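# Secondary and tertiary structure notes
Each chain, written out:
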Amino acid sequence: MPSTTAQLQVQPLALNFSIPAGAASPSSQTLSVGNLGSGTLQWTANASGGNWLSISPASGASSAGAAASVQATVSVSGLATGVYSGAVTFTSAATSQTITVPVTLSVLAQAQTILLSQSGLLFTGVQGGTVVPAQTFGVVNTGQGTINWTATASRSEEHTSE
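Bear in mind that the values here come from a model prediction, so they are computed numbers and not experimental data. (Residues numbered from 1 in each chain as written. Predicted model: local features only at pLDDT ≥ 70, side-chain atom pairs only at ≥ 80, totals over all residues. Heavy atoms only, no water.)

## Describing the overall build of the chain
A tally of regular secondary structure across the chain gives zero helices and 11 strands. Since a compact globule built from 162 residues should have a radius of gyration of about 15 Å, the 30 Å found for the chain marks it as more spread out than a globular shape. Summarising its shape, the C-alpha atoms of the chain cover approximately 105 × 30 × 20 Å along the three principal directions. Within the chain, contacts between residues separated by at least 24 positions form 61% of all contacts whose residues are at least 6 apart in sequence. Accessible surface, the chain: about 10,600 Å² in total, of which carbon and sulfur atoms supply 52%. (Helix = DSSP H or I, 4+ residues; strand = E, 2+ residues; numbered from the N terminus. Rg over C-alpha atoms; globule rule 2.2 N^0.38 Å. Contact = heavy atoms within 4.5 Å. Areas by Shrake-Rupley, 256 points an atom, 1.4 Å probe, with all protein chains shown as cover.)

Okay, here's the thing in structure tokens:
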């Protein structure tokens, strides 16, 4: 049975975002702001911790059985690899309640992995014969992001004569 006086409730009690560096910002997450009591409860919300965290809307009203939704959005643009901490604080002047929801953003290093289609090339020619045809091989990044690579030719001269 609901309480007869308004009471602020926020779910979930924590938000976690995780994204590889250089990727697009992750999808917003939703906070539900409810009233466990009766009547209509006015509230305000404030994002803190850095301008990488924003919320919308920053205020609203919740009545018993009709929770409001607040979107928490993070922007990874310009952020270095690391863990960032912030919070969304909800306040109701009518009930003198404050609920703080911690927000963690993990910007992960990109996992880059190079894959070659083969481990070496073998050229065979006949002395005095025509030019040996070129050969190709593939270079693939099986990880994330962009990988820069260079190739260097080296040779081992083996001469066999009979």
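## Describing the pairing of strand β5 (residues 53-56)
Residues L53 and I55 line the buried face of β5, whereas the alternating positions S54 and S56 sit on a face that is not buried. Bridge count between β5 and strand β7 (residues 68-74): four bridges; the pairing is antiparallel. Note that in β7 the partner of S56 across the bridge is Q71. (Buried < 20%, exposed > 50% of the residue type's maximum accessible area, 1.4 Å probe, protein only. Pairing = 2+ DSSP bridges.)

## Quick look at the environment of T89
Locating T89 in the fold gives a position in strand β8 (residues 82-92). For T89 and N46, which are 43 residues apart along the polypeptide, the C-alpha to C-alpha distance reads 5.2 Å. Beyond its immediate sequence surroundings of up to four residues, T89 is in contact with T44, A45, N46, T98, I99 and T100. Of note is the side chain of T89, whose polar atom sits 3.5 Å from the side chain of T100. (Polar contact = N/O pair within 3.5 Å; in protein donor to acceptor, adjacent residues only side chain to side chain.)

## Some details on the nonpolar core
L31, W43, V88, F90 and L105 are the most contacted members of the largest nonpolar core, which has 26 residues in total. When contributions to this core are tallied by element, the ones reaching two or more residues are β1 (8-11), β2 (15-20), β3 (29-35), β4 (40-48), β5, β7, β8 and β9 (97-108). For this core, the element with the most residues is β9, which contributes five residues. Ignoring any residue separated from it by four or fewer positions in sequence, one finds L105 in contact with F17, I19, W52, V74, V76, L79, G82, V83 and Y84. (Core = buried A, V, L, I, M, F, W, Y, C linked by side-chain atoms within 4.5 Å.)

## Topic: the packing of aromatic side chains
Under the defined criterion, the tally for this structure stands at two aromatic pairs. On the basis of an interplanar angle of 65° and a centroid distance of 5.9 Å, the ring pair of W43 and F90 is categorised as edge-to-face. Of the two residues, W43 sits in strand β4 while F90 sits in strand β8, which places them 47 residues apart along the sequence. (Phe/Tyr/Trp six-rings, centres within 6.5 Å; stacked < 30°, edge-to-face > 60°.)

## Section: the sheet that holds β3
Across the sheet, four strands lie side by side as β1-β3-β7-β5; this open sheet has antiparallel pairing. Each having just a single partner strand, β1 and β5 make up the two edges of the open sheet. Taking the axes of each pair of neighbouring strands and ignoring which way they run, one obtains an average angle of 25° across the sheet. Sheet topology places β1 next to β3; four bridges connect them, and they run antiparallel. (Axes fitted to C-alpha atoms, helices over the stretch in contact; angles between N-to-C directions.)

## Quick look at a nonpolar patch on the surface
Taken together, the side chains of I114, L116, L121, F123, V132, F137 and W149 make up a nonpolar region of the molecular surface, amounting to roughly 630 Å² of accessible area. In this structure L116 comes out as partly exposed when scored by relative accessible area, which is 44%. (Patch = residues over 30% accessible without salt bridge, like charges linked within 9 Å, V, L, I, M, F, W, Y side chains within 5 Å. Salt bridge = Lys/Arg side-chain N within 4 Å of Asp/Glu carboxyl O.)

## Notes on the sheet that holds β8
Reading across from one edge, β2-β9-β8-β4-β6 is the order of the five strands in this open sheet, with mixed pairing throughout. The sheet is open, and its two edges are formed by β2 and β6 (59-63), each paired on a single side. Shown here is a sheet whose adjacent strand axes are inclined to one another by a mean of 25°, direction ignored. Bridge analysis of β4 against β8 gives five bridges, and the strand direction is antiparallel. Its bridge partner lying in β8, S48 is registered against A87.

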